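One letter stands for each residue in the lines below.
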Amino acid sequence: MSNKKIFTDSGIEIKETYIAENLPTLDNSNAGEFPYTRGVQKSMYRGKVWTMRQYAGFSTAEESNKRYHYLLNQGVSGLSVAFDLPTQIGYDSNHPLADGEVGKVGVAIDSLEDMEKLFEGIQLENISTSMTINATGFILLAFYVALAKKQGADLTKINGTIQNDILKEYAARGTYIYPPQPSMRIITDIFEWCSHTLPKWNTISISGYHIREAGSTAVQEIAFTLSNGKAYVKAALQKGLDINVFGKRLSFFFNAHNNLFEEVAKFRAARRIWATIMKDLGATDEKAMMLRFHTQTGGSTLTAQQPMNNISRVTIQTLAAVLGGTQSLHTNGFDEALSLPTEEAAKVALRTQQIVAYESGVADTVDPLAGSYFVETLTNEVEKSTLELIATIDAMGGSVAAIESEFIQNEIAKSAYKYQQHIEDNSKIIVGVNNFISPDDNKIPGFKIDESIQKMQCDKLEKLKSTRDNKMVLSILEKLTATANTSENIMPIVLEAVENHCTLGEISDTLRAIFGEFK
């Protein structure tokens with residue numbers, strides 16, 4: 001027997017061999033029944049494979065629209081929109097702080113006209129759209145609903161997700177606008193409004209993805225994410241909302257990294273923990289206790305060195321997500337450590353999902369790794385470590401308090417530092433980076449954004465403002481101010497504002513004047 005000790009990045013020791021006695025308790029529940037360790041649907045992928053999404057959005061709405069049509073023709077079953085930085089933090093493309101950033105990391109959306117161009121030729125009733133947007137999520141949702149109405153869609157059939165998870169922005173990502181309390185108010189307003197206007201819409205995608213990208217471990221990813229989830233549920237309960245109604249529309253967004261077995265254990269443990277959290281908070285409807293999640297393969301695991309190796313990494317991560325029971329999956333392009341994915345890289349990424357779905361056999365049975373001494377033990381150990389961390393956050397008063405005291409931020413930073421140390425001292429091997437290095441003959445042409453995009457967006461804005469009813473715009477923004485100063489739901493007036501051609505920046509600035517900005 002070797003004396004060498006091996007640990008996961010979460011600090012869980014991996015034994016040399018696992019036997020039956022390592023499993024004092026085995027969860028014998030089936031998929032589709034509490035606590036959903038084995039999956040949220042009884043037949044999982046035998047009934048329907050996961051939704052295959054490809055995340056796309058760059059430069060103008062027109063350019064992104066071309067990519068969406070290409071992806072739909074290649075067989076994606078759901079669209080996933082990336083927005084540029086100004087859109088994410090509530091600035092129109094002509095704002096001084098938007099200079100140099102328009103259309104760079106996603107698509108620029110300033111107005112309803114841009115949303116119309118983004119989805120031109122695509123019937124919203126027939127697709128599922130996921131939007132990675134947080135601080136301005138309520139405005140983008142209003143644009144989407146306004147467009148659906150113009151298309152004559154039945155709003156009760158519109159389905160998709162807005163990320164809308166502001167707590168992880170304070171903790172890990174940084175695209176917040178308003179302080180925590182007004183931000184939580186906007187989120188619970190969305191929960192309430194969607195429950196009767198868009199009953200099939202996932203009103204929040206509580207995200208561990210960015211927590212992991214910032215350097216957390218697998219255990220921290222689910223502990224911090226589920227703690228944030230608890231905070232949103234408690235805020236909704238305080239508003240008087242029914243947990244059995246809004247609970248069904250909560251979804252999660254997780255990362256998939258390279259340690260295949262720890263990732264599978266993480267997904268299984270997360271379902272089990274969330275089901276218990278929701279039950280303890282008063283949920284009685286089974287669907288309100290189910291943790292449904294989208295997964296994206298790990299952006300931070302991709303290397304600029306030997307980029308073709310990333311196809312292998314993404315394949316392992318795809319298997320981890322599928323063996324872990326994801327409902328929806330985005331696979332990264334092999335060139336994403338260098339630029340936005342090229343069309344070729346996006347196609348290879350989608351084909352990776354399709355090969356796993358239709359050729360590997362892993363979708364043929366439910367939770368294929370169940371009963372493995374190793375995976376079951378690891379699931380228990382991930383659960384135990386996660387519950388200990390959640391208890392620490394609960395003792396502080398929950399996620400908002402833990403973020404305000406910078407506990408969560410500091411824990412992520414410590415883990416990121418430790419991980420980097422292991423790479424630098426070669427105790428963690430990254431192929432092509434600190435070992436197995438070769439002269440890089442993979443010269444991949446990067447995706448380039450045309451610098452003229454910003455001027456085009458600014459010209460569009462100028463034209464819009466010269467042709468709309470500016471008196472009406474002023475009147476609606478005054479109405480928005482009045483509504484924000486009460487406890488009334490903000491969504492109906494935001495929808496009215498976008499339908500009357502108020503811009504994203506104008507709506508954001510109106511609320512900045514009332515709520516202030518988080519520093």
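Read on for an overview of the structure. Worth saying up front: this structure is predicted, and the values here are computed from it rather than measured. (Residues numbered from 1 in each chain as written. Predicted model: local features only at pLDDT ≥ 70, side-chain atom pairs only at ≥ 80, totals over all residues. Heavy atoms only, no water.)

## Here we look at the overall build of the chain
Part 1 of the argument: For the chain, the helix and strand inventory stands at 20 helices and 11 strands.
Part 2 of the argument: A compact globule built from 519 residues would reach a C-alpha radius of gyration of about 24 Å, and the chain, at 23 Å, matches this within 12%.
Part 3 of the argument: Over its C-alpha atoms, taken along the principal directions, the chain stretches across nearly 80 × 55 × 45 Å.
Part 4 of the argument: In the chain, which comprises 519 residues, the proportion classed as buried is 57%.
Part 5 of the argument: Residue pairs at least 24 apart in sequence account for 78% of intrachain contacts in the chain once pairs closer than 6 positions are excluded.
Part 6 of the argument: As displayed, the chain has an accessible area near 21000 Å², and 52% of this comes from carbon and sulfur atoms.
Part 7 of the argument: For the chain, the separation between the mean place of its 50 positive charges and that of its 62 negative charges on side chains is 3 Å. (Helix = DSSP H or I, 4+ residues; strand = E, 2+ residues; numbered from the N terminus. Rg over C-alpha atoms; globule rule 2.2 N^0.38 Å. Buried < 20%, exposed > 50% of the residue type's maximum accessible area, 1.4 Å probe, protein only. Contact = heavy atoms within 4.5 Å. Areas by Shrake-Rupley, 256 points an atom, 1.4 Å probe, with all protein chains shown as cover. Lys, Arg positive; Asp, Glu negative; His and termini not counted. Charge placed at Lys NZ, Arg CZ, Asp CG, Glu CD.)

## Observations concerning the nonpolar core
Part 1 of the argument: One finds Phe119, Met131, Phe138 and Leu141 to be the most contacted residues of the largest nonpolar core, which totals 137 residues.
Part 2 of the argument: Excluding its chain neighbours within four sequence positions, the residues that come into contact with Met131 are Val81, Phe83, Met115, Leu140, Leu141, Tyr144, Thr161, Ile162, Gln163 and Trp201. (Core = buried A, V, L, I, M, F, W, Y, C linked by side-chain atoms within 4.5 Å.)

## Re the side chain of Thr217
Part 1 of the argument: Relative to the elements of secondary structure, Thr217 occurs in the loop between α7 (209-213) and α8 (218-238).
Part 2 of the argument: Residue class for Thr217 comes out buried when judged on its relative accessible area of 12%.

## Re empty space enclosed by the protein
Part 1 of the argument: According to the stated counting rule, one finds 3 cavities of 30 Å³ or more in the structure shown.
Part 2 of the argument: When its volume is computed, the largest cavity comes out at roughly 80 Å³.
Part 3 of the argument: Around the largest cavity sit 13 residues that line it, and Tyr45, Val322, Leu323, Asp367 and Pro368 are the ones nearest its centre.
Part 4 of the argument: Residue classes in the lining of the largest cavity are distributed as 7 nonpolar, 3 polar and 3 charged.
Part 5 of the argument: In this structure, the second largest cavity spans a volume of roughly 70 Å³.
Part 6 of the argument: Classifying every residue of the lining of the second largest cavity gives 6 nonpolar, 3 polar and no charged. (1 Å grid on protein atoms, 1.4 Å probe; cavity = no way out; pocket = protein on both sides within 12 Å on 5 of 7 lines; lining within 4 Å. Points joined across faces, edges and corners; volume = space filled by probe spheres on them. Nonpolar A, V, L, I, M, F, W, Y, C, P; charged D, E, K, R; others polar.)

## Here we look at the pairing of strand β4 (residues 78-82)
On a regular strand, one side chain projects to one face of the sheet and the next to the other, so that they alternate.
Part 1 of the argument: The buried fraction of β4 is high, at 5 of 5 residues.
Part 2 of the argument: In β4, alternate side chains face the same way, and those of Gly78, Ser80 and Ala82 on one face and Leu79 and Val81 on the other are all buried.
Part 3 of the argument: Note that strand β3 (residues 51-56) and β4 share 4 bridges and pair parallel. Residue pairing across strands places Tyr55 opposite Ser80, the latter belonging to β4. (Pairing = 2+ DSSP bridges.)

## Focus: the pattern of salt bridges
In a structure, side chains of opposite charge can pair up when their charged atoms sit close to one another.
Part 1 of the argument: Evaluated as defined, the whole model comprises 29 salt bridges.
Part 2 of the argument: One salt bridge in this structure joins Glu376 and Arg268, with 3.2 Å as the shortest N-O distance. In this pair, Glu376 is assigned in helix α14 (residues 373-396) and Arg268 in helix α10 (residues 260-280), connecting sequence segments 108 residues apart.
Part 3 of the argument: Take Glu376: its relative accessible area is 3%, and that puts it in the buried class.
Part 4 of the argument: We classify Arg268 as buried; its relative accessible area is 1%.
Part 5 of the argument: One salt bridge connects Glu388 with Lys384, and the closest N-O pair in it is separated by 3.4 Å. (Salt bridge = Lys/Arg side-chain N within 4 Å of Asp/Glu carboxyl O.)

## Concerning the layout of surface pockets
Part 1 of the argument: In this structure, the largest pocket occupies an estimated 1400 Å³ of space.
Part 2 of the argument: Lining of the largest pocket is provided by 44 residues; of these, Asp9, Tyr419, His422, Lys428 and Ile430 occupy positions nearest its centre.
Part 3 of the argument: Secondary structure elements with two or more residues in the lining of the largest pocket: β1 (6-7), α7, α8, α12 (309-323) and α16 (407-424).
Part 4 of the argument: Per-class residue counts for the lining of the largest pocket are 14 nonpolar, 19 polar and 11 charged.
Part 5 of the argument: Roughly 960 Å³ of volume is contained in the second largest pocket.
Part 6 of the argument: Lining the second largest pocket are 39 residues, with Thr51, Asn202, Arg249, Arg292 and Gln327 positioned closest to its centre.
Part 7 of the argument: Those elements giving two or more residues to the lining of the second largest pocket turn out to be β3, β5 (128-132), β6 (159-162), β9 (250-256) and β10 (293-297).
Part 8 of the argument: With 4 residues, the single largest contributor to the lining of the second largest pocket is β5.
Part 9 of the argument: For the lining of the second largest pocket, the residue count by class is 12 nonpolar, 20 polar and 7 charged.

## Regarding the sheet that holds β5
Part 1 of the argument: Taken together, the 9 strands give an open sheet; going across it, the order is β7-β6-β5-β4-β3-β11-β10-β9-β8, and neighbouring strands pair in parallel fashion. If you trace the sheet from one side to the other, it starts and ends with β7 (201-202) and β8 (204-207), each paired once.
Part 2 of the argument: Where β6 lies against β7, 2 bridges are found, and the strand directions are parallel. Looking at β7, one finds that Gly160 is bridged to Trp201.

## Considerations on the state of the cysteines
Part 1 of the argument: The full count for this structure, using the stated rule, is 0 disulfides.
Part 2 of the argument: Cysteine Cys194 shares no disulfide, and the gap to the nearest cysteine sulfur, in Cys502, comes to 20 Å.
Part 3 of the argument: On the basis of relative accessible area, Cys194 is assigned to the buried category, the value being 1%.
Part 4 of the argument: In this structure Cys458 is not part of a disulfide, and its nearest cysteine sulfur, from Cys502, lies 19 Å away. (Disulfide = S-S within 2.5 Å.)

## Focus: the packing of aromatic side chains
Part 1 of the argument: Evaluation of the coordinates by the stated rule reveals 18 aromatic pairs.
Part 2 of the argument: When the centroid spacing of 5.8 Å and the interplanar angle of 15 degrees are considered together, the rings of Phe191 and Phe246 count as stacked. Here Phe246 lies in helix α9 (residues 243-246) and Phe191 lies in helix α6 (residues 180-197), a separation of 55 residues in the sequence.
Part 3 of the argument: Given a relative accessible area of 4%, Phe246 falls into the buried group.
Part 4 of the argument: Aromatic side chains Tyr209 and Phe253 sit 4.9 Å apart centroid to centroid with 0 degrees between the ring planes, which places their arrangement in the stacked category. Placement of Tyr209 in helix α7 and of Phe253 in strand β9 is noted, with a sequence separation of 44 residues between them. Grouping residues by exposure puts Tyr209 and Phe253 together as buried.
Part 5 of the argument: Above the plane of the ring of Phe34 lies Lys279, whose end atom (NZ or CZ) is 4.4 Å from the centre. (Phe/Tyr/Trp six-rings, centres within 6.5 Å; stacked < 30°, edge-to-face > 60°. Lys NZ or Arg CZ within 6 Å of the ring centre and 35° of its normal.)

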